[in-house]
Amino acid sequence: MTTRLYNFNPGPAALPLEVLEEAKESTVQYGGRGISIMEMSHRSKPVEQLAAASEQLLLELTGLQQKDYRVLFMGGGASTQFAMLPSNFLSEGAVADYILSGSFSEKALQEAQYIGETRIAASSKAEHWQRTPDVRGLKVQANTAYVHMTTNNTIEGSRFNAFPETGETPLIVDMTSDLLSRDIDYNQFSMIYAGAQKNIGPAGITAVIIRNEMLDRCSKQIPLIWRYATYASNDSLYNTPPVHALYLTNLVLQWTKRQGGVQQLEAINRDKAALIYEAIDRSGGFYEGIIATTDRSDMNITWRLASKELEQLFVQESEQQGFEGLAGHRSVGGIRASAYNAVPRTACQALVEFMVDFQRRKG
Ligand SMILES: *Cc1c(COP(=O)(O)O)cnc(C)c1O
């Protein structure tokens, strides 16, 4: 077997090796049924059970109650949610509040602008996204349909540590890059969505966790296939879901539970990220963190070197030494290490050793 790389890809990202091995085992035969999961009807018992079990697991892992929330699985990625969300909940006469903290939050706003009236409720764009806006005292107006925010900014490497109190107004979050990576009160959100390919599975499937009362509010002016209520009343099987991606997601959720859930993972992730942040902060300016210390993400760790050339050399040499995915996003440059749940501590340690060695040679 070839050695596995130290995978710091931003997404699609590292999956637990255990999960990949398990999936390999059941690729040809699923549950001793003589065919694989990819070849089964989505109306078959195994697929129904997979959807139901994954819903249960995701609720359990987020500490949410079955009586309050549904979990829906659908295709299309998180970007589809940028458009589906306002289509369902932004009605005429109402305004959707968007908190801007990075480029994905701007993309979410952009799609909503095609659907209805929007307002920028807070933004850190003027500060080049180097921090997340303080939203603790956010004022919500009476005609606000919902407040939207991106809890972790994948491209910039920042996150929110505090969330606004929106009262009766639904707080809706894009948690694509931090779902199940930290122990927060998931009950404060009326809807959470996440493309699976960062923390909970492979690309091709998106999880939507939604409060029951939101399902009654879905627009009846839009096609059935765009309504969250359609997915809920059909247990995510209204049409063919990405079955194989659902299967892999289920394996990742089981793995997440075996790690001790979000409490344990938060501690592990904190420790992993701290290793890398310490290497940055101890470098005497050779490596320079981009994000304000208090708003640093544990999932996406970003920094710069003195020049573009030095950054390119860093990435090039890291690839020769078995590291994958360390180049910053094409829109911002620099270096980014994405240390999602499935990235082992040993990979972070190896990266720190590489950083120290690189500095010794080039500093
Ligand atoms: C990756 C990402 C997206 C885009 O996800 P797609 O599944 O590619 O549409 C949106 N929001 C955040 C926070 C992300 O990290």
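Basis of the calculations
- Residues numbered from 1 in each chain as written.
- Predicted model: local features only at pLDDT ≥ 70, side-chain atom pairs only at ≥ 80, totals over all residues.
- Heavy atoms only, no water.
- UniProt positions renumbered as here; feature names shortened; annotations may be inferred.
- Salt bridge = Lys/Arg side-chain N within 4 Å of Asp/Glu carboxyl O.
- Helix = DSSP H or I, 4+ residues; strand = E, 2+ residues; numbered from the N terminus.
- Buried < 20%, exposed > 50% of the residue type's maximum accessible area, 1.4 Å probe, protein only.
- Pairing = 2+ DSSP bridges.
- Contact = heavy atoms within 4.5 Å.
- Core = buried A, V, L, I, M, F, W, Y, C linked by side-chain atoms within 4.5 Å.
- Axes fitted to C-alpha atoms, helices over the stretch in contact; angles between N-to-C directions.
- Parallel < 35°, antiparallel > 145°, perpendicular 65-115°, else oblique.
- Left-handed = near helix turned anticlockwise from the far one by under 90°.
- Near = heavy atom within 4 Å.
- Polar contact = N/O pair within 3.5 Å; in protein donor to acceptor, adjacent residues only side chain to side chain.
- Areas by Shrake-Rupley, 256 points an atom, 1.4 Å probe, with all protein chains shown as cover.
- Domains from an automatic or database assignment.
- Buried area = accessible area lost by both parts, 1.4 Å probe.
- Expected span 1.5 Å × (residues − 1).

- For the protein, the name recorded in an unreviewed UniProt entry is Phosphoserine aminotransferase, with Paenibacillus cellulosilyticus as its organism.
- Regarding the protein, the relevant UniProt record gives this comment under Pathway (unreviewed entry): "Amino-acid biosynthesis; L-serine biosynthesis; L-serine from 3-phospho-D-glycerate: step 2/3."

1. Structural notes on the pattern of salt bridges
Then, in step 1: Taken as a whole and assessed by the stated rule, the structure comprises 21 salt bridges.
Then, in step 2: Its salt-bridge partner being R119, residue D97 comes within 2.9 Å of it at the nearest N-O pair. Of this pair, D97 sits in strand β3 (residues 95-100) while R119 sits in strand β4 (residues 117-123); the two residues are 22 residues apart in sequence, bridging distant segments of the chain.
Then, in step 3: Of the residues examined, D97 reaches a relative accessible area of 0% and is grouped as buried.
Then, in step 4: Among the ionic pairs, E106 bridges to K125, the shortest N-O distance being 2.7 Å. Within this pair, whereas E106 is found in helix α4 (residues 103-115), its partner K125 is found in the loop between β4 and β5 (144-150), the two being separated by 19 residues in sequence.
Then, in step 5: Through salt bridges that share partners, E317, D357, R360, R361 and K362 make up one connected network.

2. Things to note about the sheet that holds strand β11 (residues 288-289)
Then, in step 1: Spatially, three strands are ordered β11-β12-β14 in an open sheet, and the strand pairing comes out antiparallel. Of all strands in the sheet, those bounded by a partner on one side alone are β11 and β14 (335-338).
Then, in step 2: Where β11 meets strand β12 (residues 300-304), two bridges bridge the pair, whose relative direction is antiparallel. Across the sheet, G289 pairs through a bridge with W303, a residue of β12.

3. Topic: the UniProt feature "binding site: L-glutamate" (unreviewed entry) in the protein
Then, in step 1: Mapped onto the present numbering, the UniProt feature "binding site: L-glutamate" (unreviewed entry) falls on R43.
Then, in step 2: Among the residues examined, R43 registers a relative accessible area of 47% and is labelled partly exposed.
Then, in step 3: Setting aside residues up to four positions removed in sequence, R43 forms contacts with E48, L237, Y238 and N239.

4. Regarding the nonpolar core
Soluble globular proteins tend to pack their nonpolar side chains together in the buried interior.
Then, in step 1: The biggest cluster of nonpolar side chains holds 51 residues, and the ones touching the most others in it are L58 and L179.
Then, in step 2: At the level of elements, α1 (17-25), α2 (45-62), β2 (69-74), β5, β8 (171-174), β9 (191-195), β10 (206-211) and α7 (243-258) are the ones that each hand at least two residues to this core.
Then, in step 3: The greatest single-element share of this core, amounting to nine residues, is contributed by α7.
Then, in step 4: Dropping the residues within four chain positions of it, L179 is found in contact with L58, T62, Y186, I192, A194, N199, I200 and N341.
Then, in step 5: In this structure, A279, L305, V315 and A337 belong to the second largest nonpolar core, which totals 31 residues.

5. A look at the sheet that holds β2
Then, in step 1: Spatial strand order, β2-β10-β9-β8-β5-β3-β4: seven strands in an open sheet with mixed pairing. Each end of this open sheet is capped by a strand with a single partner; those strands are β2 and β4. For this sheet the average axis-to-axis angle between neighbouring strands, irrespective of direction, equals 20°.
Then, in step 2: Here β2 pairs with β10 via six bridges, running antiparallel. When the bridges of β10 are listed, F73 appears paired with A207.

6. Overview of the packing of helix α3 (residues 77-89) against α4
Then, in step 1: Between α3 and α4, whose axes approach to 8 Å, the crossing angle comes to 40°. If you check the angle between α3 and α4, you find them oblique. Considering how the two elements wind past one another, α3 and α4 form a crossing that is right-handed. Taken together, the residues of α4 that come into contact with α3 (itself represented by F82, A83, P86 and S87) are F104, K107, A108, E111, A112 and I115.

7. With respect to the site of the ligand
Then, in step 1: Near the ligand there are 13 residues, and of these S79, T154, D174, Q197 and K198 occur at the shortest range.
Then, in step 2: Here an oxygen atom of the ligand sits 2.4 Å away from a polar atom, N or O, in the side chain of T154.
Then, in step 3: Contact with the protein chains removes 86% of the 380 Å² of surface that the ligand exposes when unbound.
Then, in step 4: With four residues, the top contributor of residues to the shell around the ligand is α3.

8. Section: the pairing of β14
Then, in step 1: Along β14, one buried face is formed by I335 and A337 and the opposite face, lined by R336 and S338, is buried too.
Then, in step 2: Sheet topology places β12 next to β14; four bridges connect them, and they run antiparallel. Across the sheet, W303 pairs through a bridge with I335, a residue of β14.

9. Some thoughts on the domain arrangement of the protein
Size of an interface, as often reported, equals the accessible area lost when the parts are brought together.
Then, in step 1: Structurally, the protein comprises domain 1 (18-259) and domain 2 (261-362).
Then, in step 2: For domain 1 versus domain 2, the separation of C-alpha centres amounts to 27 Å.
Then, in step 3: The interface of domain 1 with domain 2 comprises 28 residues on the first partner and 26 residues on the second.
Then, in step 4: Buried area between domain 1 and domain 2, summed over both chains or domains, comes out near 2200 Å², and the portion from carbon and sulfur atoms is 50%.
Then, in step 5: When residues of domain 1 are sorted by the area they lose upon contact with domain 2, I155, R159 and D183 head the list and together hold 24% of the total.

10. Regarding helix α8 (residues 261-281)
Because each turn of an α-helix spans 3.6 residues, side chains separated by three or four positions in sequence point in the same direction.
Then, in step 1: Compared with the 30 Å implied by 1.5 Å per residue over 21 residues, the 30 Å span of α8 between its first and last C-alpha is a close match.
Then, in step 2: For α8, the full list of buried residues reads G261, V262, L265, N269, K272, A273, A274, L275, I276, Y277, A279 and I280.
Then, in step 3: Tucked into the core, α8 has its buried residues touching α2, α7, β11, β12 and α10 (345-362).

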